[in-house]
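Notes for the structure review
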Amino acid sequence: GFAPDGEVLYELSDGEVRVYEFLTGEEIETFDLSLVSEDDEKGFDKSIAASDKYLFVWGEDDDTVVVYDLSGEYVTKFELPVEGFGFSLSWANNMLWVAEDADGTDDGADGTWYGYQLKGLD
């Protein structure tokens, strides 16, 4: 996940976040996301999105998003009205974005993108 200012890149692997300076590729820091529950660990290997204040990862299902602050501490979690494709989680234009699986026509999915303005996160 890219920070909105383009300064840093966040890489997620099994709950560990590595933060890199975008221009040089230098690793700035590494930290673990605080585990909310054993079920939430499923999303720790899919994708990460970053706003200017928060990190977003998938929770126990592909319609649950877990929110952390930029140091990896749990903030909240919420359900989306649609299931998102695991790798589609992203942040752009001050909105959280997810897409259905573009290859999921057997399940009724057609790759549609959904953008959400998040209320209550300052």
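The coordinates are above.
Let me begin by describing the structure that accompanies this report. Predicted, not measured: the structure shown is a model, and the values here were computed from it. Residue positions are given per chain, counted from 1 along the sequence in the order it is written. At least 70 in pLDDT is required for a residue's local features to be given in this predicted model, at least 80 for side-chain atom pairs to be given and counted, and no such filter applies to totals for whole chains, interfaces and linings, which use all residues. Side-chain numbers come from the whole structure's heavy atoms, not from hydrogens or water.

**Considerations on the pairing of strand β3 (residues 27-32)**
Stated precisely, the cut-off is as follows: Strands pair, by our definition, only if DSSP identifies at least two bridges between them. Helix and strand labels come from DSSP, where a helix needs a run of H or I of at least four residues and a strand needs a run of E of at least two; each type is numbered from the N terminus.
As paired elements, strand β2 (residues 16-21) and β3 share five bridges and run antiparallel to each other. Residue pairing across strands places Val-17 opposite Phe-31, the latter belonging to β3. Here β2 folds back onto β3, and the loop between the two strands holds five residues, one of which, Gly-25, carries a positive phi near 80°.

**A closer look at the environment of Tyr-20**
Condition: Here a residue-residue contact requires only that any non-hydrogen atoms of the pair lie within 4.5 Å.
Structurally, the position occupied by Tyr-20 is in strand β2. Sequence separation between Tyr-20 and Val-8 is twelve residues; the distance between their C-alpha atoms is 5.5 Å. Once you skip the residues sitting within four places of it in the chain, Tyr-20 turns out to touch Glu-7, Val-8, Leu-9, Glu-11, Gly-25, Glu-26, Glu-27 and Ile-28.

**Considering the environment of Leu-9**
Within the secondary structure, Leu-9 sits in strand β1 (residues 8-13). The sequence separation of Leu-9 and Ala-50 amounts to 41 residues, and the corresponding C-alpha distance is 8.7 Å. Every residue in contact with Leu-9, bar those within four places of it in the chain, is listed here: Gly-1, Phe-2, Arg-18, Val-19 and Tyr-20.

**Things to note about the packing of aromatic side chains**
Filter applied, for reference: Stacked, tilted and edge-to-face are the three classes applied to pairs of Phe, Tyr and Trp rings, where Trp contributes its six-membered ring and a pair requires centres within 6.5 Å; stacked means planes under 30 degrees apart, edge-to-face means over 60, and tilted covers the rest.
This model, assessed by the stated rule, comprises three aromatic pairs. Each ring, one from Tyr-68 and one from Tyr-74, has its centre 6.4 Å from the other, and the planes form 80°; the classification is edge-to-face.

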